[in-house]
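Spelled out from the first residue to the last, the chains are:
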Amino acid sequence: MSEDIFKKVVSHAKEYGFIFQSSEIYDGLSAVYDYGQNGAELKNNIKQYWWKAMVQMHENIVGIDSAIFMHPTTWKASGHVDAFNDPLIDNKDSKKRYRADVLIEDHCAKIEGKIEKEVTKAAKRFGETFDKEQFVTTNPRVLEYQKQIDTILQRMGKSLENEDLDDVKALIEELEIADPVTGSKNWTEVRQFNLMFGTKLGATADQAMDLYLRPETAQGIFLNYLNVQKSGRMKLPFGIAQIGKAFRNEIVARQFIFRQREFEQMEMQFFVKPGTELEWYEKWKETRLRWHQTLGLGNDNYRFHDHEKLAHYANAAADIEFKFPFGFKELEGIHSRTDFDLKAHEQHSGKKIQYFDNETNESYTPYVVETSVGLDRMFLAVFSNSLKEEVLEDGSERVVLALPAALAPIKAAILPLVKKDGLPEFAEQIVKKLRLDYNVMYEEKDSIGKRYRRMDAIGTPFCITVDHDSLNDNSVTLRYRDTMEQKRVHIDELHAIIDKEVNMKYLFEQL
Ligand code: GAP
């Protein structure tokens with residue numbers, strides 16, 4: 001069922017100019033994608049929602065844009081050269097390669113599926129009196145499934161932390177996990193694989209310097225901590241944010257844009273006084289969840305997941321997970337990164353990287369709370385959640401991309417009923433005016449019904465139809481995407497009506 005939905009998401013994204021496989025005419029490049037004309041607009045709107053909410057709406061957060069290339073010692077200091085590995089395992093029969101931890105997590109997701117089945121069954125049985133919270137905390141079968149999941153994940157977390165890869169393999173065998181494609185259980189040992197892409201800087205081979213493509217944008221922030229703090233006269237607590245590309249040589253890149261080899265991150269490092277970091281960590285968890293929920297994709301589609309295995313730099317970490325068509329998966333990470341990164345760069349560079357606290361007259365290394373959300377994952381969350389197939393009253397079907405209006409690539413389509421009698425010219429006048437504030441589109445091809453359907457499919461919240469009466473009374477038919485309601489409005493009212501729905505400021509007001 002959800003696999004079907006996911007297939008529809010992928011094909012809809014292509015058919016309507018949101019996402020294309022990279023280098024498709026050469027049969028594509030695995031796990032690399034291009035954003036098309038509508039995808040680029042939607043992506044930019046998500047960026048804008050994040051940037052304004054995180055940077056411009058906070059007096060103590062500023063934004064930067066650091067380079068992708070960084071001095072190679074950066075990655076030694078950050079621990080990525082030594083520890084940015086994934087445990088991989090090969091299937092000897094199928095020759096397919098997998099992430100060992102993902103195989104185990106997928107096994108747990110199957111058990112979770114059983115819990116969901118129990119919940120659905122019980123909800124049917126008890127009807128309106130059903131209390132889900134009570135059911136999942138008391139039903140013996142659900143509790144047993146949950147215990148299985150917890151035991152498996154705890155053991156995996158411990159083994160990975162202790163670098164005990166033999167035990168990870170033993171766990172796969174004990175759970176009788178099979179190759180998802182072929183069913184074979186003939187596995188190799190588990191090995192570590194570094195995810196960074198290497199490249200070279202310099203014209204001649206012998207003088208070229210080995211570089212990495214950055215696997216996270218965060219290090220560009222750490223390296224600029226002193227520059228920003230001094231030039232911006234920033235006082236703790238303060239944040240530095242940025243949006244940018246990151247690159248990871250993922251072992252198994254799959255699920256469309258969910259796990260790519262080239263992707264974008266929206267990250268913010270919040271520098272705080274040591275000892276206050278866990279309080280800020282809780283605050284940022286709350287703030288970030290509210291940012292997601294304000295988009296209106298359904299509060300039940302989000303949940304926190306505390307990390308079993310902490311990254312080498314963290315003293316607390318949680319994911320905000322989203323219910324994608326393939327289940328709950330990580331959308332954003334919130335990490336309390338201690339002073340690990342600044343201290344490591346201080347050591348490796350030999351430069352003092354500290355903060356002088358005027359109030360206490362002491363210098364110290366700030367602690368850091370990080371929020372990190374994948375832009376492409378945000379895109380997939382918004383896009384997949386918005387794609388709906390509806391059966392209308394007359395029995396016909398329509399496909400509608402019910403995007404949050406503020407994120408829609410095109411806010412309104414202006415459609416002359418016919419291509420003659422002065423209607424196109426009248427419509428063009430409306431386009432000219434609305435274009436100053438919104439991304440709007442003029443469209444005269446096809447019947448009006450077909451044009452409405454096309455606009456529904458790309459998520460345009462409003463269609464404005466110009467007909468012969470418009471020339472006499474300056475009114476047009478305004479059609480709402482979600483309800484398909486149509487009403488006659490004067491052209492002078494258009495701006496205010498559209499603004500109320502699509503202006504992002506109404507989202508910011510709720511944060
Ligand atoms: N600076 C911390 C950091 O990079 P992470 O959990 O590895 O933490 C943060 O990544 C976010 O980046 C993830 O929550 C996810 O949304 C996104 N992300 C990570 N790897 C990705 C990939 N291969 N493709 C798409 N998005 C990815």
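Note that this is a predicted model, so its numbers are computed, not measured.

## Notes on helix 11 (residues 277–293)
Right, on to step 1. The end-to-end C-alpha distance of helix 11, which contains 17 residues, comes to 24 Å, matching closely the 24 Å that a straight helix rising 1.5 Å per residue would cover.
Right, on to step 2. Listed as buried for helix 11 are Glu277, Tyr281, Trp284, Lys285, Arg288, Leu289, Trp291 and His292. Burial along helix 11 is one-sided: seen end-on, the buried residues are contained in an arc of 155°. Facing away from the buried side of helix 11, by more than 90 degrees, are the exposed residues Glu279 and Glu286.

## What to know about the site of the ligand
Right, on to step 1. Around the ligand, the structure places 21 residues, and the nearest of them are Glu216, Glu250, Gln260, Glu267 and Glu330.
Right, on to step 2. Within the contact set of the ligand, a nitrogen atom lies 2.8 Å away from a backbone nitrogen or oxygen of glutamine 260.
Right, on to step 3. The contact in question runs from an oxygen atom of the ligand to an N or O atom on the backbone of leucine 331, over 2.8 Å.
Right, on to step 4. In isolation the ligand exposes 560 Å². Once the protein is present, 93% of that is buried.
Right, on to step 5. Those elements that provide at least two residues to the shell around the ligand are strand 10 (262–272), strand 13 (327–338) and strand 16 (367–374).
Right, on to step 6. The element contributing the most residues to the shell around the ligand is strand 13, with 6 residues.

## Here we look at the domain arrangement of the protein
Right, on to step 1. In terms of domain boundaries, the protein breaks down into domain 1 (1–68 + 214–388), domain 2 (76–193) and domain 3 (392–509).
Right, on to step 2. Each of domain 2 and domain 3 has a C-alpha centre, and these two points are 47 Å apart.

## With respect to unusual backbone geometry
Right, on to step 1. Residue proline 237 is reached from leucine 236 by a cis peptide bond, and omega for that bond is -5°.
Right, on to step 2. In this structure, aspartate 421 takes a positive phi of about 60° despite not being glycine.
Right, on to step 3. Topologically, aspartate 421 is positioned in the loop between strand 19 (412–416) and helix 14 (423–434).
Right, on to step 4. One non-glycine residue with positive phi stands out, namely aspartate 446, at about 75°.
Right, on to step 5. In this structure, aspartate 446 sits in the loop between strand 20 (440–442) and helix 15 (448–458).

## What about a nonpolar patch on the surface?
Right, on to step 1. On the surface, Phe69, Leu201 and Met209 cluster together to form a nonpolar patch covering roughly 270 Å² of accessible area.
Right, on to step 2. Looking at the element boundaries, leucine 201 is found in strand 7 (residues 198–201).

## Observations regarding the packing of aromatic side chains
Right, on to step 1. Scanning all chains against the criterion turns up 25 aromatic pairs.
Right, on to step 2. With a centroid separation of 5.9 Å and 80° between ring planes, the pair formed by tyrosine 98 and tryptophan 187 is classed as edge-to-face. Remark: tryptophan 187 occurs in the loop between helix 8 (165–174) and strand 6 (191–194) and tyrosine 98 occurs in strand 5 (residues 97–99); sequence separation between them is 89 residues.
Right, on to step 3. By relative accessible area, which is 3% here, tryptophan 187 ends up buried.
Right, on to step 4. An angle of 50° between the planes, with centres 6.0 Å apart, marks the rings of tyrosine 355 and tyrosine 364 as tilted.
Right, on to step 5. Relative accessible area serves as the criterion here: at 10%, tyrosine 364 is assigned to the buried category.
Right, on to step 6. Here the aromatic residues Phe6, Tyr33, Phe256, Phe258, Tyr302, Phe322, Phe324 and Phe326 are joined through ring pairs into a cluster of three or more.

## Some details on the packing of helix 1 (residues 2–15) against helix 13 (residues 375–386)
Right, on to step 1. Helix 13 packs onto helix 1 with a crossing angle of 105° between their chain directions and a minimal axis gap of 10 Å. When the interaxial angle is binned, helix 1 and helix 13 end up roughly perpendicular. The residues of helix 13 that touch helix 1, namely those facing Phe6, Val9, His12 and Ala13, are Leu380, Phe383 and Ser384.
Right, on to step 2. Taken together, the residues that form the contact of helix 1 with helix 13 break down as 5 nonpolar, 2 polar and no charged.

## Considerations on the UniProt feature "binding site: substrate" (unreviewed entry) in the protein
Right, on to step 1. Look at the UniProt record and you will see "binding site: substrate" (unreviewed entry) annotated at Arg99, Glu216, Phe263, Glu264, Gln265, Met266, Glu267, Glu370, Thr371, Ser372, Val373 and Gly374. For the residues just named, distributed over 276 residues, the greatest C-alpha separation reaches 25.6 Å, placing them at more than one site. Here the residues from the annotation list that line the largest cavity are Arg99.
Right, on to step 2. Along the chain, the position of methionine 266 falls in strand 10.
Right, on to step 3. If we skip the residues at most four places from it in the chain, methionine 266 touches Ile46, Lys47, Trp50, Gln242, Ile243, Trp291, Thr371, Ser372, Val373, Leu375 and Met378.
Right, on to step 4. Relative to the elements of secondary structure, glutamate 370 occurs in strand 16.
Right, on to step 5. Setting aside residues no more than four positions away along its own chain, glutamate 370 makes contact with Ala218, Glu267, Met268, Gln269, Gly333, Ile334, His335 and Arg337.
Right, on to step 6. Among the polar contacts made by the side chain of glutamate 370, one reaches the side chain of glutamine 269 at a distance of 2.9 Å.

## Here's the deal with helix 14
Right, on to step 1. Taking 1.5 Å per residue, 12 residues should reach 16 Å; helix 14 reaches 17 Å between its end C-alpha atoms and fits that length.
Right, on to step 2. Buried within helix 14 are the following residues: Leu423, Pro424, Phe426, Ala427, Ile430, Val431 and Leu434. Burial along helix 14 is one-sided: seen end-on, the buried residues are contained in an arc of 160°. More than 90 degrees from the buried face of helix 14, the exposed residues found are Glu425, Lys432 and Lys433.

Scoring rules and cut-offs
- Residues numbered from 1 in each chain as written.
- Predicted model: local features only at pLDDT ≥ 70, side-chain atom pairs only at ≥ 80, totals over all residues.
- Heavy atoms only, no water.
- Helix = DSSP H or I, 4+ residues; strand = E, 2+ residues; numbered from the N terminus.
- Expected span 1.5 Å × (residues − 1).
- Buried < 20%, exposed > 50% of the residue type's maximum accessible area, 1.4 Å probe, protein only.
- Arc of directions from axis to C-beta.
- Near = heavy atom within 4 Å.
- Polar contact = N/O pair within 3.5 Å; in protein donor to acceptor, adjacent residues only side chain to side chain.
- Areas by Shrake-Rupley, 256 points an atom, 1.4 Å probe, with all protein chains shown as cover.
- Domains from an automatic or database assignment.
- Patch = residues over 30% accessible without salt bridge, like charges linked within 9 Å, V, L, I, M, F, W, Y side chains within 5 Å.
- Salt bridge = Lys/Arg side-chain N within 4 Å of Asp/Glu carboxyl O.
- Phe/Tyr/Trp six-rings, centres within 6.5 Å; stacked < 30°, edge-to-face > 60°.
- Axes fitted to C-alpha atoms, helices over the stretch in contact; angles between N-to-C directions.
- Parallel < 35°, antiparallel > 145°, perpendicular 65-115°, else oblique.
- Contact = heavy atoms within 4.5 Å.
- Nonpolar A, V, L, I, M, F, W, Y, C, P; charged D, E, K, R; others polar.
- UniProt positions renumbered as here; feature names shortened; annotations may be inferred.
- 1 Å grid on protein atoms, 1.4 Å probe; cavity = no way out; pocket = protein on both sides within 12 Å on 5 of 7 lines; lining within 4 Å.

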